[in-house]
Amino acid sequence: MSRFRVVLLAILLSAPTSAQLPPSSDELKAVFLYHFGQYITWPNDVYSHTPDSFVIGVWGSHGVERALVGAVQGERVRGRKVVIRRIVERLEALQCQVLYLAPGIEDEAPWAEISDLPILTVGEGDEFELRGGMVCFVPLRNRIGLRIWQSRAAKANLVINSQLLRIAEVRNLP
Amino acid sequence: MNVPFNSSIEARLRTVIVRACLTVICVTGLSLMVVECVILRHHALQSLQVRARILSSGLAASVMFENPEDATSLLHTLRGDPNTVAAAVILPGGSVFAEYLTPGQAPLPALSIGEHRITVSDLVHSSAILSPEGRPVGALVIKMSLGFVYQRLLYFSSITVLIMVCTAVLALFISHRIGRRISQPILALAATANRVQTTRDFSLRAEVSSRDEVGMLAESFNSMLALLQQHSVHLEEKVQERTVQLVRACQELEAFSYSVSHDLRAPVRTISGFTQILLDEAKEMTPEHAAYLGRIMSGVERMNSLMDALLDFSRVTNCALDTHLIDMTSLAKDVVAELLPDGPQPNIHISVHKMQPCRGDPMLVRQVFANLIGNALKYSRKREVAVISVYDERVPGCDAPTYVVRDNGAGFDAVRATRLFEVFERFHSPAEFEGTGVGLAITKRIVERHGGKIWARSSPDQGASFYFTLTADVRTPEMSVTSPMP
């Protein structure tokens, strides 16, 4: 991890001070997206096409994308280089390990195709969860909480670390 | 370790054993307490590190997904350990992400990751919170109270004191038994030695009750007693044998002395009688022949005197002492009166001073004064005025007096003084001073039979002083003293 990024991460994780603004919602989401890579295990064959990359796709949110690029561009997850990819077409979504769907994008997402693929879908809102999303950002007092649909992740052959499950609200409905 | 050396062996052994036991326990206890303290602190640090490692994995997710409530609830699981009094998750910027503080605890200090701080009362340790990728995302600081260490040490020291008391009692009991077992043979040996010293009974033996050093000592002591007993018996036999020989020799000498004195008298009387007849009846005798016969007569008289003296010497040696308290002043005055039957003479000045009385045989002591005063008169008669003093002296520290007869006569060479009291020993020729040479020998024998001593001081032509005592405990100077008469 480069020195700049460590400092940035530290800033993101630090409590706010008078001289420092609290991280924005997008920045937090971006960091969470990066962290999912460390607490979730993908099947090995998912990397057959891009063996050296860990792809985080962002569909419909420039803010999150910018924050991601600023925070984790060039970082590595499980030995693979993190690649931030802006998703604009349905087929592109199938090439990601993590797919962030901004609110309002749910209708465009290829839910039928990705439901059985080892792609971690992250989003927010009721529509996202109704459509079959796996990890949902939930507003919780002054921070962002997580709601994880563990059964959906398991169906996609994703193994979620118990430490992550512990801090999240876990749902096991299909 | 100061054990008084005048106390008994048993007491010293007891003291040594008890002190040794207590010292060993004390040193061992203190060492164990120090080691225990170090080990407890080390274990405290280790358990803190393990606890931090376990908590860190859970806390990493809380930190990485911004969930301080979860981190706080994780930290509160430390409540199960009463020794953990505070904990906090510190973010890299230094802000506190989550915290657990027991009542009365101040916020934790900021420590570098991996650092620990130990004070007298607590231990604070800081460890990194690592992401699954192994990257530090924060620090976990835990504070542990070391009260349990001191409680353990207090418990440990209480047990040590209890053990010390029990050991002291046990050591006292054991050392008492051991001490008695060791000291009793020594005391028995000492008692036997004392009994031998008191009774002079060399047939006594010490009991040999063991095969150790004391037993060897008792055996050596018994061997020594056996040797002493053997020597004592041998010595007794030797003394008896020699005593018999001595008595026999004395009896023979006495018989010889009497026989010589008596048997010689008959031929001497024959010589004397016929010489006198020759002197009275011989008609044609030259004056020269008459002179020869006169010399024979004087020789006969001298021989008679010698035989009388020998008889006196023999009598003095063998007669039994008849002791009384003697008025020495009166006795000396009587002797002077006998020696000067014509009363005081102008050329003889005899002074008899008042003297202390003394116990002795009056007849024999009279003989002593007679010999000494008679000698004083004889050897000072050539002086214009013979000055003779009879008096007593007191030697410091002794109750018995020393009697002195002093004259201003011819005196004698002090170098020869030791021979003065031998029989027939004379320092002057008969032509100068007549005499048999037996008087002082008789005097010495009488004094010695009373247990006293006699000695003389003189130098030629300076007079002489004769000193004598009649008891054994008198301090006397050497016989040969060269100092002139005062």
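This one's a predicted model, so the numbers in the text were calculated from it and none came from an experiment. (Residues numbered from 1 in each chain as written. Chains lettered and ligands numbered in written order. Predicted model: local features only at pLDDT ≥ 70, side-chain atom pairs only at ≥ 80, totals over all residues. Heavy atoms only, no water.)

A. Seen up close, the overall build of chain B. Helices and strands together make up the secondary structure of chain B, namely eight helices and 13 strands. Going through the 486 residues of chain B one by one, you find that 38% of them count as buried. For chain B, the share of sequence-separated contacts (at least 6 apart) that also reach a separation of at least 24 residues comes to 63%. Counting only carbon and sulfur atoms, one obtains 60% of the accessible surface of chain B, whose full area is about 27,800 Å². (Helix = DSSP H or I, 4+ residues; strand = E, 2+ residues; numbered from the N terminus. Buried < 20%, exposed > 50% of the residue type's maximum accessible area, 1.4 Å probe, protein only. Contact = heavy atoms within 4.5 Å. Areas by Shrake-Rupley, 256 points an atom, 1.4 Å probe, with all protein chains shown as cover.)

B. Seen up close, the overall build of chain A. A count of helical and extended segments in chain A gives eight helices and ten strands. Of the contacts made within chain A by residues no fewer than 6 positions apart, 51% connect residues no fewer than 24 positions apart. Of the roughly 8,300 Å² of accessible surface on chain A, a fraction of 54% belongs to carbon and sulfur atoms.

C. Quick look at the pairing of strand β1 (residues 84–90) of chain B. Residues and elements named next belong to chain B. Most of β1 is tucked away: seven of the seven residues are buried. Inspection of the sheet shows β1 paired to strand β5 (residues 136–145) by six bridges, in the antiparallel sense. Of the residues in β5, the one forming a bridge with Ala88 is Val141. Sheet topology note: the β1/strand β2 (residues 96–101) ladder contains five bridges and is antiparallel. Residue pairing for β2: Ala88 is matched across the bridge by Glu99. In sequence, β1 turns back onto β2 through a hairpin of five residues, with Gly94 there showing a positive phi of about 100°. (Pairing = 2+ DSSP bridges.)

D. Region of interest: the pattern of salt bridges. Across all of its chains, the model carries 22 salt bridges over all chains by this definition. Glu129 of chain A is the salt-bridge partner of Arg147 of chain A, the closest N and O atoms lying 2.7 Å from each other. Highlighted residues: Arg147 of chain A in strand β8 (residues 143–149) and Glu129 of chain A in helix α6 (residues 126–131), separated in sequence by 18 residues. Taking the relative accessible area as the measure of exposure, Glu129 of chain A reaches 7% and is therefore buried. The residue Glu36 of chain B makes a salt bridge to Arg152 of chain B at a minimum N-O spacing of 3.2 Å. Of this pair, Glu36 of chain B sits in helix α1 (residues 9–64) while Arg152 of chain B sits in helix α3 (residues 147–199), and the two are 116 residues apart along the sequence. (Salt bridge = Lys/Arg side-chain N within 4 Å of Asp/Glu carboxyl O.)

E. Summary view of the sheet that holds strand β10 (residues 169–171) of chain A. All names here are of chain A. Taken in spatial order, the eight strands make up an open sheet running β3-β4-β2-β5-β6-β7-β8-β10, and their pairing is mixed. Since the sheet does not close on itself, it has two edges, and those belong to β3 (76–77) and β10, each with one partner. Contacts from helix α2 (residues 25–39) reach β2 (53–59), β3, β4 (80–86), β5 (98–101), β6 (120–124), β7 (135–140) and β8, with the element oriented near 40° to β8. Together, β2, β4 and β5 form the strand contacts of helix α3 (residues 62–72), whose direction differs from that of β4 by roughly 155°. (Axes fitted to C-alpha atoms, helices over the stretch in contact; angles between N-to-C directions.)

F. Molecular detail of the interface of chain B and chain A. Taken together, the contacts link 24 residues of chain B with 25 residues of chain A. Here chain B meets chain A over a buried area of about 2,000 Å², counting both sides, of which 56% is carbon and sulfur. Broken down residue by residue, the surface that chain B buries against chain A is led by Phe65, Glu66 and Arg135 of chain B, which jointly contribute 34%. Inspection of the region where chain B meets chain A yields four salt bridges. A salt bridge links Arg143 of chain A to Glu69 of chain B, with the shortest nitrogen-to-oxygen separation between them at 3.0 Å. Our count for the chain B to chain A interface comes out at twelve residue pairs in polar contact (both at pLDDT 80 or more). Listed by contribution, the elements that provide at least two residues to the side of chain B that touches chain A are α1 and α2 (68–75) of chain B. It is α1 of chain B that contributes the most residues to the side of chain B that touches chain A, eight residues altogether. Tallied by class, the residues present in the side of chain B that touches chain A amount to twelve nonpolar, seven polar and five charged. (Buried area = accessible area lost by both parts, 1.4 Å probe. Polar contact = N/O pair within 3.5 Å; in protein donor to acceptor, adjacent residues only side chain to side chain. Nonpolar A, V, L, I, M, F, W, Y, C, P; charged D, E, K, R; others polar.)

G. Seen up close, the confidence of the model for chain A. Residues with a pLDDT of 70 or more make up 88% of chain A, whose mean pLDDT is 84. Of the regions scoring below 50 in pLDDT, residues 1–19 of chain A engages in 35 contacts with residues more than four places distant in sequence or in other chains. (pLDDT = per-residue confidence, 0-100.)

H. Seen up close, the sheet that holds β2 of chain B. All names here are of chain B. Strand order in this open sheet of five strands is β2-β1-β5-β4-β3, and the pairing throughout is antiparallel. The strands lining the two open edges of the sheet, one partner per strand, are β2 and β3 (116–118). When strand polarity is set aside, the average angle formed by the axes of neighbouring strands in this sheet is 10°. Strands β1, β2, β3, β4 (122–130) and β5 of the sheet are contacted by α1, whose axis makes an angle of about 35° with β4.

I. Molecular detail of the packing of aromatic side chains. Under the definition given, this model contains 13 aromatic pairs over all chains. When the ring of Phe36 of chain A is compared with that of Phe65 of chain B, the centres are 5.4 Å apart and the planes differ by 25°; the resulting orientation is stacked. Taken as a pair, Phe36 of chain A in helix α2 and Phe65 of chain B in the loop between α1 and α2 lie in two separate chains rather than in one. Accessibility assignment for this pair places Phe36 of chain A and Phe65 of chain B in one class, buried. Here the aromatic rings of Phe412 of chain B and Phe466 of chain B are separated by 6.2 Å at their centres, their planes lie at 45°, and the arrangement is tilted. Of this pair, Phe412 of chain B sits in the loop between β10 (401–407) and α8 (439–449) while Phe466 of chain B sits in strand β12 (residues 464–468); the two residues are 54 residues apart in sequence, bridging distant segments of the chain. Grouping aromatic residues by their ring pairs yields a cluster made of Phe32, Phe36, Tyr39, Tyr100 and Phe137 of chain A together with Phe65 of chain B. Geometry around Tyr47 of chain A places Arg80 of chain A over its ring, the cationic atom sitting 3.6 Å from the centre. The ring of Trp149 of chain A has Arg152 of chain A sitting right over it, with the charged end atom 3.8 Å from the ring centre. (Phe/Tyr/Trp six-rings, centres within 6.5 Å; stacked < 30°, edge-to-face > 60°. Lys NZ or Arg CZ within 6 Å of the ring centre and 35° of its normal.)

J. A look at unusual backbone geometry. In this model, Arg141 of chain A sits at a positive phi of 50°, which is unusual for a non-glycine residue. Looking at the element boundaries, Arg141 of chain A is found in the loop between β7 and β8. Not every positive phi belongs to a glycine, and Glu66 of chain B is a case in point at roughly 55°. Structurally, Glu66 of chain B can be placed in the loop between α1 and α2.

K. Highlighting helix α7 (residues 362–379) of chain B. Residues and elements named next belong to chain B. The end-to-end C-alpha distance of α7 is 25 Å, a good match for the 26 Å that 18 residues give at a rise of 1.5 Å each. Three or more residues of α7 are buried, namely Leu364, Val365, Val368, Phe369, Asn371, Leu372, Ile373, Asn375, Ala376, Leu377, Lys378 and Tyr379. Where α7 begins, one side-chain oxygen reaches toward the backbone nitrogen of Met363, 3.1 Å away; that side chain belongs to Asp361. (Expected span 1.5 Å × (residues − 1).)

L. Fine view of the nonpolar core. Counting residues in hydrophobic clusters, the biggest one holds 89 residues, and the most contacted among them are Leu33, Phe36, Leu120 and Leu164 of chain A. Here the element with the most residues in this core is α1 of chain B; it accounts for 13 residues. When near neighbours in sequence (up to four residues on either side) are disregarded, Leu33 of chain A contacts Ile56, Val64, Leu68, Val98, Tyr100, Val122 and Phe137 of chain A. Within the second largest apolar cluster, 45 residues are counted, among which are Ala441, Ile446, Ala464 and Phe468 of chain B. (Core = buried A, V, L, I, M, F, W, Y, C linked by side-chain atoms within 4.5 Å.)

M. Summary view of the side chain of Asp361 of chain B. Residue and element names in this part refer to chain B. Within the secondary structure, Asp361 is located in the loop between β8 (358–360) and α7. Despite its burial, Asp361 pairs with no opposite charge, the nearest such side chain being Arg449 at 7.3 Å. Look past the residues within four positions of Asp361 in its chain and what remains in contact with it is Ala320, Leu321, Asp322, Thr323, Ile326 and His450. (Lys, Arg positive; Asp, Glu negative; His and termini not counted.)

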